[in-house]
Amino acid sequence: MVEIEVNGLMTYDRAVVKLPAQAAGEIARLYAPPATSGTLQGARVTRAPFGTTPAGEAVDLFTLTNAHGMEVRTMTYGGIIVSLKVPDRAGLLGDVVLGYDSLAGYLRTTPYFGAIVGRYGNRIAHAQFTLDGATHHLPANDGANTLHGGTVGFDKVVWDAEPFWGDSGVGVAFTHTSPDGDQGFPGKLEMRVTYTLTDQNQLIVDYYATTDKATPVNLTQHSYFNLAGDGSGDVLQQVMWINAGRYTPVDSALIPTGVLAPVAGTPFDFTTPTAIGARIAADDEQLRRGHGYDHNFVLDRAGAELAHAARVVEPGSGRTLDVFTTQPGLQFYSGNFLDGSITGKAGHVYRQRNGFCLETQHFPDSPNQPGFPSTILRPGEEYRSRTVFAFGVSP
Ligand code: GLA
């Protein structure tokens, strides 16, 4: 059995963890009065310029540090997590996410390194969906389909941002309004996404949105993790546990067939912790279609409470990552499209499977899949979602 501590609550594998509700009011309280930097019992948040977009928009970088020295750097462009430094077994800090040293790299080309993804994370088939009788057309940016919100998703906009600090930690609150018709999506979507760094080495991501017309919303975080450290090669030895008895098999364009298939007896069974690389080259049609793992797992969970979704252990450094989420799905992407064409931080060349993503989400193509949980947000409703990335070490 695996013990986990979240905000002082002890729990065990597969248990549901309740964190204190982080309501809009709390966020509002936390970030009043606005300031450019602040501290909390050894933790701190600072803000500094990080460059300018080609359109002339200023981009700022926030550095969150907790009492143990864990550090998260994130910028207003795309809400991108630029670096995430966590201790290993010996207490040495290492950056466990892929990316670039400066804004220029992210502006040039990026497979969504570290970004907030939306309005609809993952794929929408044939770049269209029908809602309340009206068909909406989106940009096709992944073959015939729409990926990660279209050609200019939320990963490519400059968000407004304010730092905050309070009882739960230090953080940054990003806000952005996506206008009615943005990338073909109906409704003006007003969003707030917060990153909170706690003294328990957790990064809490909270999403909040409202709309003035019914629209699909599926926001996620697209960090590429390598728990051995950025630039340390592939992640195939890192041991993955996913709390999912089913997944959503895909067609050749990675659109779900609509079936929720059992993982039992397949290379998709991570209900027992297994090295990412153990079965990745197996003779399996789904692995061939994904060029590895690039699939949505149907999390085993009760209701919409925060639940344990995944755990990754890196045997060498001892670093561990536990993911908790209120979302029903988890896209496990094993960095299959990294092909050595990107040179990232400190000259590191990113080759296939040099990082993995665990994108908490609703299922892909939900707007066209009546059998999947709905992603439609309507006027008067509030979109609220939370994901916790909790770091630790195994003995
Ligand atoms: C997601 C998709 C992958 C790939 C990456 C970005 O994880 O599922 O197929 O497009 O984003 O490269």
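From a predicted model like this one, the values you see are computed outputs, not experimental measurements.

(A) Spatial organisation of the pattern of salt bridges. Overall, the coordinates contain 13 salt bridges when judged by the stated rule. Salt-bridge contacts for Lys-156 lead to Asp-155; the nearest nitrogen and oxygen are separated by 2.7 Å. One continuous salt-bridge network, built from bridges that share partners, spans Asp-283, Glu-285, Arg-288 and Arg-289.

(B) Representation of the site of the ligand in the model. Neighbouring the ligand are 13 residues, the closest being Arg-123, His-148, His-222, Asp-294 and Glu-359. Take His-148: an N or O atom from its side chain is 2.9 Å from an oxygen atom of the ligand. Contact between the ligand and His-222: an oxygen atom at 2.9 Å from a side-chain N or O atom of the residue. Considering the ligand on its own, with 310 Å² of exposed area, one finds that the protein chains cover 94% of that surface.

(C) Layout of empty space enclosed by the protein. Applying the stated criterion across every chain yields a total of 1 cavity of 30 Å³ or more. The calculated volume of the largest cavity comes to roughly 30 Å³. What lines the largest cavity is Tyr-77, Ile-80, Tyr-106, Thr-110, Tyr-112, Ala-115, Asp-155 and Lys-156. Among the residues making up the lining of the largest cavity, the classes are represented as 5 nonpolar, 1 polar and 2 charged.

(D) Region of interest: the packing of aromatic side chains. This model, assessed by the stated rule, comprises 23 aromatic pairs. Centroid distance Phe-113 to Tyr-224: 5.0 Å. Interplanar angle 75°. Geometry classified as edge-to-face. Residue Phe-113 is located in the loop between α2 (103–108) and β9 (116–117), and its partner Tyr-224 is located in the loop between β19 (220–221) and β20 (239–242); the two are separated by 111 residues in the primary sequence. We note that Phe-113, like Tyr-224, is buried. Ring geometry for Tyr-224 against Tyr-333: centres 6.0 Å apart, planes inclined by 80°, an arrangement best described as edge-to-face. Here Tyr-224, found in the loop between β19 and β20, pairs with Tyr-333, found in strand β27 (residues 329–333); they are 109 residues apart in sequence, far enough to count as distant. Note on accessibility: Tyr-224 and Tyr-333 belong to one class, buried. These aromatic residues form a ring-pair network of at least three members: Tyr-100, Tyr-106, Phe-113, Tyr-224, Tyr-333, Phe-337 and Tyr-350.

(E) Quick peek at the sheet that holds strand β24 (residues 294–298). Read from one edge of the open sheet, 5 strands run β22-β21-β24-β27-β30, paired in antiparallel fashion. This sheet does not close on itself; its edge strands, each paired only once, are β22 (261–262) and β30 (357–361). The pairing of β27 with β30 spans 5 bridges and is classified as antiparallel. Counterpart to Gly-329 in the pairing with β30 is Gln-361.

(F) The arrangement of the nonpolar core in detail. In this structure, Leu-84, Tyr-195, Ile-242, Phe-332, Phe-356 and Phe-391 are the most contacted members of the largest nonpolar core, which totals 60 residues. Among the elements that make up this core, the one with the highest residue count is strand β16 (residues 189–197) (5 residues). One finds Met-75, Leu-103, Phe-113 and Ile-342 within the second-largest nonpolar core, a separate group that totals 20 residues.

(G) Spotlight on the environment of Val-86. Position of Val-86 relative to the elements: it lies in strand β7 (residues 81–87). Along the sequence, Val-86 and Arg-319 sit 233 residues apart, while their C-alpha atoms lie 8.1 Å from each other. Contacts of Val-86, omitting those with residues within four sequence positions, involve Met-70, Leu-92, Leu-93, Gly-94, Val-96, Arg-319 and Phe-391.

Cut-offs applied
- In this convention, every chain numbers its residues from 1, walking through the sequence in written order.
- It should be noted that, the model being predicted, local features are given only for residues of pLDDT at least 70 and side-chain atom pairs only at 80 or more, the latter also being counted only at that level, while totals for whole chains, interfaces and linings use all residues.
- As a rule here, side-chain values cover all heavy atoms of the structure and leave hydrogens and water aside.
- Just to be clear on terms, a salt bridge is a Lys or Arg side-chain nitrogen sitting within 4 Å of an Asp or Glu carboxyl oxygen.
- Throughout this document, a residue counts as near a molecule or strand when at least one of its heavy atoms sits within 4 Å of that molecule or strand.
- What qualifies as a polar contact is a pair of N or O atoms within 3.5 Å, subject to a donor-acceptor requirement within protein and to the restriction that residues adjacent in sequence count only when both atoms come from side chains.
- Only the protein chains shown count as covering a residue, and every accessible area follows the Shrake-Rupley method with a 1.4 Å probe.
- In this analysis the probe radius is 1.4 Å and the grid spacing 1 Å, with only protein atoms considered; a cavity is a set of points the probe fits into but cannot get out of, a pocket is an open set with protein on both sides within 12 Å along at least five of seven lines, and lining residues have an atom within 4 Å of a point.
- Grid points are joined across faces, edges and corners, and a volume is the space filled by probe spheres set on the points.
- Under the scheme applied, nonpolar residues are Ala, Val, Leu, Ile, Met, Phe, Trp, Tyr, Cys and Pro; charged residues are Asp, Glu, Lys and Arg; polar residues are all the others, including Gly.
- Put simply, two rings from Phe, Tyr or Trp (the six-membered ring, in Trp's case) pair if the centres are within 6.5 Å, and we call them stacked under 30 degrees between planes, edge-to-face over 60, tilted for the rest.
- Numbering goes from the N terminus for both helices and strands, where a helix is a DSSP run of H or I of at least four residues and a strand is a run of E of at least two.
- Each residue is placed in one exposure class: buried if its accessible area under a 1.4 Å probe, protein chains only, is under 20% of its type's maximum, exposed if it is over 50%, and partly exposed if it falls in between.
- Only strands joined by at least two bridges in the DSSP assignment are considered to pair.
- In plain words, nonpolar cores are sets of buried Ala, Val, Leu, Ile, Met, Phe, Trp, Tyr and Cys residues tied together by side-chain atoms within 4.5 Å.
- We call two residues in contact when some of their heavy atoms are within 4.5 Å.

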